[in-house]
Amino acid sequence: MEYLNKLKVKKAVIPVAGLGTRFLPATKAQPKEMLPLVDKPVIQYIVEEAVKAGIEQIIFITGRHKRAIEDHFDRNLELERALEEKGKRELLKTVKEISDLADFIFIRQKEPKGLGHAVLTAEPAVGNEPFAVLLGDDVMVGEKPAIGELIEVFKKFSCPVLGLQEVPKEEVSNYGIAGGKLVEENLIKVESLVEKPSPSEAPSNYAIAGRYVLTPDIFTVLKRTKPGKGGEIQLTDAIAQLSKERAVYGRIIEGKRYDTGNKLGFLEATIDFALMRNDLREPFLKFLKEKLKEELRDG
Ligand code: UTP
């Protein structure tokens with residue numbers, strides 16, 4: 001594995017093949033990753049985060065019902081022509097820039113057999129180099145791109161790195177949870193990993209926050225990982241196994257995480273993203289203030 005420290009993390013795998021059952025009926029015929037936060041689909045924020053951190057190639061793991069994602073990152077010549085003719089230059093630039101963000105590769109996961117299986121499906125495109133993984137519905141907002149914080153740790157140790165965030169004890173059963181020793185500020189050396197533990201089983205309240213930098217030896221482990229919680233091949237189980245064979249680190253990510261695959265997380269993200277927009281902040285805040293006053297008055 002010595003060769004790894006000479007390699008840059010240039011590739012990112014974004015698994016988007018899940019069924020999105022928590023967001024039905026909206027996700028019956030459209031991917032949850034294409035739901036917009038204001039006017040930009042969730043998946044574009046995630047791709048932009050990866051690109052800001054130096055990623056050059058994005059490998060999407062998709063499924064049958066996810067064609068809209070491919071179309072979003074492709075050119076739309078008819079639309080470009082129409083915008084050109086109407087003199088809508090700003091919009092034309094916005095639309096064209098999307099397909100230039102990175103090189104895009106799409107691989108189908110034929111059946112949604114779990115996140116671990118989705119990552120294994122990326123092996124032919126990743127090859128023998130370190131790679132980032134960003135979940136297609138976890139949006140992170142911070143000063144620095146969250147995946148960039150993990151890449152910094154990888155550069156130092158040449159080891160797999162998990163993105164972590166603290167969650168309340170009563171919520172640990174929604175996440176993969178990592179326990180370990182703090183070795184630097186905001187950095188733990190992982191000693192145990194459990195997928196969706198009960199609060200009494202959880203080794204800590206550090207939850208895996210949808211960001212990873214992995215090394216290619218994860219593929220060997222994934223090939224022998226049996227289905228775990230929910231009958232799915234769990235990435236957390238494979239990383240737990242890998243952590244017995246080599247050091248794995250957990251970086252506590254600064255910044256805020258939104259799980260846009262769940263309805264409440266999506267609503268919170270929508271409000272925060274609207275308030276971050278110069279063109280919307282003022283009128284939207286006015287609306288929210290009035291709404292809150294009304295709600296409080298009516299009890
Ligand atoms: P989730 O469990 O959050 O996504 O998986 P889901 O299965 O789409 O959602 P629900 O629970 O049914 O509402 C985490 C990530 O892993 C991907 C999902 O697309 C999501 O980005 N995933 C999950 C796959 O790509 N393939 C799978 O087999 C499972």
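In this report, the structure presented in the accompanying data block is examined. (Residues numbered from 1 in each chain as written. Predicted model: local features only at pLDDT ≥ 70, side-chain atom pairs only at ≥ 80, totals over all residues. Heavy atoms only, no water.)

## Focus on the pattern of salt bridges
Inference 1: Evaluated as defined, the whole model comprises 23 salt bridges.
Inference 2: In this structure, Lys8 and Glu56 form a salt bridge, with 3.8 Å as the shortest nitrogen-oxygen distance. Here Glu56 lies in the loop between α1 (42-52) and β4 (57-62) and Lys8 lies in the segment before β1 (11-15), a separation of 48 residues in the sequence.
Inference 3: Residue classification places Glu56 among the partly exposed residues on the basis of a relative accessible area of 42%.
Inference 4: With a shortest N-O distance of 3.2 Å, Arg22 and Asp259 are connected by a salt bridge. Taken together, the residues Arg22 in the loop between β1 and β2 (36-37) and Asp259 in strand β13 (residues 256-259) connect sequence positions 237 residues apart.
Inference 5: Its relative accessible area of 43% is what places Arg22 among the partly exposed residues.
Inference 6: A cluster of three or more residues bridged by salt bridges with shared partners is formed by Arg22, Lys32, Asp137 and Asp259. (Salt bridge = Lys/Arg side-chain N within 4 Å of Asp/Glu carboxyl O. Helix = DSSP H or I, 4+ residues; strand = E, 2+ residues; numbered from the N terminus. Buried < 20%, exposed > 50% of the residue type's maximum accessible area, 1.4 Å probe, protein only.)

## Let's talk about the pairing of β4
Inference 1: By the criterion of burial, β4 is predominantly enclosed, with 6 of the 6 residues buried.
Inference 2: Pairing geometry for β1 and β4, over 5 bridges, is parallel. Note on β4: the bridge partner recorded for Pro15 is Ile61.
Inference 3: Bridge count between β4 and strand β5 (residues 103-108): 6 bridges; the pairing is parallel. Counterpart to Ile59 in the pairing with β5 is Ile105. (Pairing = 2+ DSSP bridges.)

## Some details on the site of the ligand
Inference 1: Around the ligand there are 19 residues in total, and Gly20, Thr21, Arg22, Gln109 and Gly114 lie nearest to it.
Inference 2: Relative to its unbound accessible area of 560 Å², the ligand is 84% covered by the protein chains.
Inference 3: When atom positions are compared with the pocket grids, the ligand is found to occupy the largest pocket. (Near = heavy atom within 4 Å. Areas by Shrake-Rupley, 256 points an atom, 1.4 Å probe, with all protein chains shown as cover. 1 Å grid on protein atoms, 1.4 Å probe; cavity = no way out; pocket = protein on both sides within 12 Å on 5 of 7 lines; lining within 4 Å. Sits in = over half its atoms within 2 Å of the grid points.)

## Let's talk about the packing of helix α10 (residues 263-275) against helix α11 (residues 281-297)
Inference 1: α11 packs onto α10 with a crossing angle of 130° between their chain directions and a minimal axis gap of 8 Å. Viewed along their axes, α10 and α11 adopt a mutual orientation that is oblique. For the pair α10 and α11, the contacting residues are Ile271, Ala274 and Leu275 in the first and Arg281, Phe284, Leu285 and Leu288 in the second. (Axes fitted to C-alpha atoms, helices over the stretch in contact; angles between N-to-C directions. Parallel < 35°, antiparallel > 145°, perpendicular 65-115°, else oblique. Contact = heavy atoms within 4.5 Å.)

## Notes on the layout of surface pockets
Inference 1: If you add up the space inside the largest pocket, you get close to 1,400 Å³.
Inference 2: Considering the residues around the largest pocket, the lining is formed by 50 residues, among which Arg22, Leu135, Asp137, Lys196 and Asp259 are closest to the centre.
Inference 3: For the lining of the largest pocket, the secondary structure elements donating two or more residues are α5 (115-121), β8 (161-166), β11 (206-214), α9 (235-245), β13 and α10.
Inference 4: Its residues assigned to classes, the lining of the largest pocket shows 18 nonpolar, 16 polar and 16 charged. (Points joined across faces, edges and corners; volume = space filled by probe spheres on them. Nonpolar A, V, L, I, M, F, W, Y, C, P; charged D, E, K, R; others polar.)

## Quick look at unusual backbone geometry
Inference 1: Residue Pro25 is bonded to the preceding Leu24 through a cis peptide linkage, with omega at 5°.
Inference 2: Its location among the elements puts Pro25 in the loop between β1 and β2.
Inference 3: Its identity is not glycine, yet Ser158 carries a phi of approximately 55°, on the positive side.
Inference 4: At Lys196, a position not held by glycine, the phi torsion is positive, near 45°.

Any functional reading would require information that these geometric values do not contain.
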